[in-house]
Amino acid sequence: MHTDRKIRVRFAPSPTGALHIGGVRTALYNYLFAKRNGGDMVLRIEDTDTNRYVPNAEKYIIEALNWLNIKFDEGVSFGGNFAPYRQSERKEIYKSYVNQLLDTGKAYIAFDSPENLEEKHTQIANFQYDASTRIAMLNSLTLSKEEVEKRIATGEKYVVRVKIEPNEDIVVNDLIRGEVHINSSILDDKVLYKSFDGLPTYHLANIVDDHLMEITHVIRGEEWLPSAPLHVLLYRAFGWENTMPRFAHLPLLLKPDGKGKLSKRDGDRLGFPVFPLDWIDEKTGEKSSGYREAGYFPEAVINFLALLGWNSGTEQEIFSMEELIQIFSLERCSKSGAKFDFEKGKWFNHKYLQVRNSENLAKYLIPVFKEKNIDFDKNKLLEAIDAVKERATFPKDLFDLLLFFFVAPQDFNENDVKKRWKEETSQLLTELIPVLESMENFDNEYLTEETVKQWCEQKVCNLGSVMNPFRLTLVGEMKGPQMFVVTKILGKNETLKRLKFALEKLNLFKQ
RNA sequence: GGCGCAUUCGUCUAGAGGUUAGGACGCCGCCCUCUCACGGCGGUAACACGGGUUCGAGUCCCGUAUGCGCUACCA
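As the structure is a computational prediction, the values presented were derived from the model and not from experiment.

What counts, and at which threshold
Residues numbered from 1 in each chain as written. Chains lettered and ligands numbered in written order. Predicted model: local features only at pLDDT ≥ 70, side-chain atom pairs only at ≥ 80, totals over all residues. Heavy atoms only, no water. Helix = DSSP H or I, 4+ residues; strand = E, 2+ residues; numbered from the N terminus. Rg over C-alpha atoms; globule rule 2.2 N^0.38 Å. Buried < 20%, exposed > 50% of the residue type's maximum accessible area, 1.4 Å probe, protein only. Contact = heavy atoms within 4.5 Å. Areas by Shrake-Rupley, 256 points an atom, 1.4 Å probe, with all protein chains shown as cover. Lys, Arg positive; Asp, Glu negative; His and termini not counted. Charge placed at Lys NZ, Arg CZ, Asp CG, Glu CD. Near = heavy atom within 4 Å. Polar contact = N/O pair within 3.5 Å; in protein donor to acceptor, adjacent residues only side chain to side chain. Domains from an automatic or database assignment. Axes fitted to C-alpha atoms, helices over the stretch in contact; angles between N-to-C directions. Left-handed = near helix turned anticlockwise from the far one by under 90°. Nonpolar A, V, L, I, M, F, W, Y, C, P; charged D, E, K, R; others polar. Core = buried A, V, L, I, M, F, W, Y, C linked by side-chain atoms within 4.5 Å. Parallel < 35°, antiparallel > 145°, perpendicular 65-115°, else oblique. pLDDT = per-residue confidence, 0-100. Phe/Tyr/Trp six-rings, centres within 6.5 Å; stacked < 30°, edge-to-face > 60°. Lys NZ or Arg CZ within 6 Å of the ring centre and 35° of its normal. Salt bridge = Lys/Arg side-chain N within 4 Å of Asp/Glu carboxyl O.

### Quick word on the overall build of chain A
So, point 1. Counting its secondary structure elements, chain A contains 21 helices and 14 strands.
So, point 2. For a compact globule of 511 residues, the expected C-alpha radius of gyration is about 24 Å, and chain A comes in at 33 Å, more than 25% above that figure.
So, point 3. A burial count over chain A gives 50% of its 511 residues as buried.
So, point 4. The contacts of chain A with a sequence gap of at least 6 include a subset with a gap of at least 24, amounting to 72%.
So, point 5. Total accessible area on chain A stands at roughly 24900 Å², and carbon and sulfur atoms take up 49% of it.
So, point 6. Each charge class in chain A can be summarised by its mean position, and for the 69 positive and 76 negative side chains these summaries are 1 Å apart.

See below:
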């Protein structure tokens, strides 16, 4: 019907707090879909809820998506031909469209106070403001024209409600779920325009903006599926049905344990972030941690999120953003909610850490070294990172893994000493000293290894009986990279110094 | 309560009538090995249930159950 139109999608968050990771995924899928199809991605801020508005939220949303490399073609802070993109700045636009609905009899004015409605709800089970009940309410359908005008003239508050015609079959054609049918009688006459702040509700603003901004595809969370029929009706009421966007309702992101959709409380309860960036609630002072600060790489978060509700149909699991753009499709989105498994998230981060070079990873470490006043040689640091990074999931893991290169062990792991420091150990290691001293340097780890191994063979001792305690003297415990990579990075002087120190200390200890 | 959506290993998922139901994370074991890791190999473990349709159903239909979502002058 509208294949000739340029693909345009929007990500339309409400600035009510930090952007939830589920929202990030919605943004991602919109982005991937748009880029896959050569379309545009619009950022629209839906700030029609004045009560829940949080000032810093908009900034947070923009910063978070920027960190994740999800880019917009237009919208708040990006410019574009359909400005303004902030709904609070579009009041007059909505007003004229509400009037259009009023003029054509698709909507009506209602004076019923919130208290009055509350009373109805308590009096009548399952009360709903609709075709069957509106005749008994205070609205422009039941009141005379003069009465309505009089009430408005005296400043009485009123809302505008959509007039839903009962008993109509409404079909929502969803790109992920197929046809969803519902009968209009179960819909209520939703408020389109609020009485107190001169702003429309989501439903009205959404339809008007998507139409005006020429949005072709609405990709949003499944929680919107129940109101999609209302939206279809609104497009119809405006006479915009032939350019109505296609809908795709994404499955929800669920709590890792228990049930229900992932909420912001789950993060700190279960020890992993549910927000892209750290967030401090200004009202309560409550801090929630973010993926960035927790040490996740944006590409790992993207990869992880992409696979939560979508898959390529192949066995490939590692995808760059570019690859995702090439291969993404709504048809391959799943229909059921996905539980959030952060163990898999860690695995992705581990994978992405491995392909980062040491120079890049050093950026995370250098501030820590400086803060802790630890001397380091940049080149040695880079070598050390390469030597230990396969053990790390997060950049911060690297610090503990390579600290021994820069700070000589003063103590030795008791269990390891017990297990590896045998009767003959000090004798052996003492004899190893001149062997090492005879070498010019340790720059060639294969040569060092060969030298030690040959000496060992001559002594007819088993290699482990030398290597294990030797490791203990240099590292302080039984972990770390290949021994002769360690000696290479440490250098000859430092190696011998540590060896001698340990011999002294451990012999005392043993006595 | 009403309406809607969903249901394959613990988790993410492949599967579009005929498969020993595949992969990944996690877990376990083995190999590699100077330690810890990495890596390699292997193992563990699933079609919610009941009816149909069909020669044949994880795949199609109906029902039940369960879960989730929505049911605000919030989005």
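And the narrative resumes.
### Quick look at the protein's contact with RNA strand B
So, point 1. With respect to spatial proximity, 62 residues lie near RNA strand B, and among them Asp-49, Glu-317, Glu-390, Asn-468 and Gln-482 are the closest.
So, point 2. Counting only atoms of RNA strand B within 4 Å of the protein, the fraction found in sugar and phosphate groups is 72%.
So, point 3. Within the side chain of Arg-52, a nitrogen or oxygen atom sits 3.0 Å from a base oxygen of RNA strand B.
So, point 4. One of the side-chain N or O atoms of Arg-391 is found 2.4 Å from a base oxygen in RNA strand B.
So, point 5. Put simply, the parts of the chain that give the surface near RNA strand B at least two residues each are strand E5 (159-162), strand E7 (178-183), strand E14 (338-339), helix H12 (342-354) and helix H19 (463-475).

### Observations regarding unusual backbone geometry
So, point 1. Following Ala-83, the chain continues into Pro-84 via a peptide bond in cis, with omega recorded as -5°.
So, point 2. Here Pro-84 lies in the loop between strand E3 (74-75) and helix H3 (91-103).
So, point 3. Although it is not a glycine, Asn-126 sits at a positive phi angle of roughly 55°.
So, point 4. Inspection of the secondary structure assignment puts Asn-126 in the loop between helix H4 (114-123) and helix H5 (145-153).
So, point 5. Its relative accessible area of 77% is what places Asn-126 among the exposed residues.
So, point 6. At Asn-373, a residue that is not glycine, the phi angle is positive and equals roughly 60°.
So, point 7. By the element assignment, Asn-373 lies in the loop between helix H13 (358-371) and helix H14 (378-388).
So, point 8. Here Asn-373 falls in the exposed class, since its relative accessible area comes to 70%.

### Overview of the domain arrangement of chain A
So, point 1. Domain parsing of chain A yields domain 1 (1-76 + 251-355), domain 2 (95-194) and domain 3 (408-505).
So, point 2. With centres defined by C-alpha atoms, the gap from domain 1 to domain 3 works out at 49 Å.

### Brief notes about the packing of H13 against H14
So, point 1. At a minimum axis separation of 10 Å, H13 and H14 run at an interaxial angle of 115°. Classified by chirality, the crossing of H14 by H13 is right-handed. Side by side, H13 and H14 meet where Ser-358, Glu-359, Leu-361, Ala-362, Leu-365, Ile-366 and Phe-369 of the first sit next to Lys-378, Leu-381, Leu-382, Ile-385 and Asp-386 of the second.
So, point 2. Taken together, the residues of the contact of H13 with H14 break down into eight nonpolar, one polar and three charged.

### Points about the nonpolar core
So, point 1. Residues Ile-70, Phe-340, Leu-402 and Phe-405 are the most contacted members of the largest nonpolar core, which totals 153 residues.
So, point 2. Discounting residues that sit within four places of it in the chain, Ile-70 has contacts with Val-24, Ala-27, Leu-28, Tyr-31, Met-41, Leu-65, Ile-302 and Met-321.
So, point 3. Counting seven residues, the second largest nonpolar core, distinct from the first, contains Tyr-108, Leu-117, Tyr-129 and Met-137.

### With respect to the side chain of Asp-281
So, point 1. Within the secondary structure layout, Asp-281 lies in the loop between strand E12 (279-280) and strand E13 (287-288).
So, point 2. A polar contact of 2.8 Å, which involves the side chain of Asp-281, links it to the backbone nitrogen of Lys-283.
So, point 3. At a separation of 3.2 Å, a polar atom in the side chain of Asp-281 contacts the main-chain amide nitrogen of Thr-284.
So, point 4. Other than its neighbours up to four places away in sequence, Asp-281 contacts Lys-264 and Glu-286.

### What about the packing of H14 against helix H20 (residues 483-490)?
Each pair of packed helices gets described by two things: the angle between the helix axes and the distance between those axes.
So, point 1. The geometry of H14 relative to H20 is characterised by a closest axis approach of 10 Å and an angle of 170° between their N-to-C directions. Between H14 and H20, the interaxial angle falls into the category roughly antiparallel. Every residue of H20 that contacts H14 at Lys-380, Glu-383, Ala-384 and Ala-387 is listed here: Val-485, Lys-488, Ile-489 and Leu-490.
So, point 2. A breakdown of the residues in the contact of H14 with H20 according to their chemical character gives five nonpolar, no polar and three charged.

### As for the confidence of the model for chain A
So, point 1. For chain A, the mean per-residue pLDDT works out to 95, and 98% of the residues sit at or above 70.
So, point 2. As scored by the predictor, the complex reaches a pTM of 0.95 and an ipTM of 0.96.

### Notes on helix H6 (residues 202-212)
Side chains three or four residues apart in an α-helix point the same way, a direct result of the helix having 3.6 residues per turn.
So, point 1. Counting buried residues along H6, nine of its eleven residues qualify, which places the element largely inside the surrounding structure.
So, point 2. Along H6, the residues classified as buried are Tyr-202, His-203, Leu-204, Ala-205, Asn-206, Ile-207, Val-208, Asp-209 and Asp-210.
So, point 3. Elements that come into contact with the buried residues of H6 comprise strand E1 (8-11), H3, strand E8 (191-193), strand E9 (217-221) and helix H7 (228-238).
So, point 4. Following H6 by one or two positions, Glu-214 has its phi on the positive side, about 55°.

### Concerning the environment of Leu-496
So, point 1. Summarising the element assignment, Leu-496 is placed in helix H21 (residues 492-510).
So, point 2. Note on Leu-496: relative accessible area 6%, which makes it buried.
So, point 3. Setting aside chain neighbours within four positions, we find Leu-496 in contact with Ile-433, Leu-436 and Glu-437.

### A few points about the packing of aromatic side chains
So, point 1. Per the stated rule, a full pass over the model turns up 24 aromatic pairs.
So, point 2. The side chain of Arg-25 reaches across the aromatic face of Tyr-29, ending 5.3 Å from its centre.
So, point 3. A cation sits over an aromatic face here: Lys-396 above Phe-394, 4.4 Å from the ring centre.

### Some words on the pattern of salt bridges
So, point 1. Applying the stated criterion across every chain yields a total of 39 salt bridges.
So, point 2. The residue Arg-8 makes a salt bridge to Asp-40 at a minimum N-O spacing of 3.4 Å. Of this pair, Arg-8 sits in strand E1 while Asp-40 sits in strand E2 (residues 40-43); the two residues are 32 residues apart in sequence, bridging distant segments of the chain.
So, point 3. Classification of Asp-40 by relative accessible area gives buried; the value is 15%.
So, point 4. With a shortest N-O distance of 2.8 Å, Arg-269 and Asp-266 are connected by a salt bridge. Taken together, the positions of Arg-269 and Asp-266, both in helix H8 (residues 264-270) and three residues apart, correspond to about one turn of that helix.
So, point 5. Sharing partners across several salt bridges, the network here consists of Arg-10, Arg-44, Glu-46, Arg-90, Asp-209 and Asp-210.

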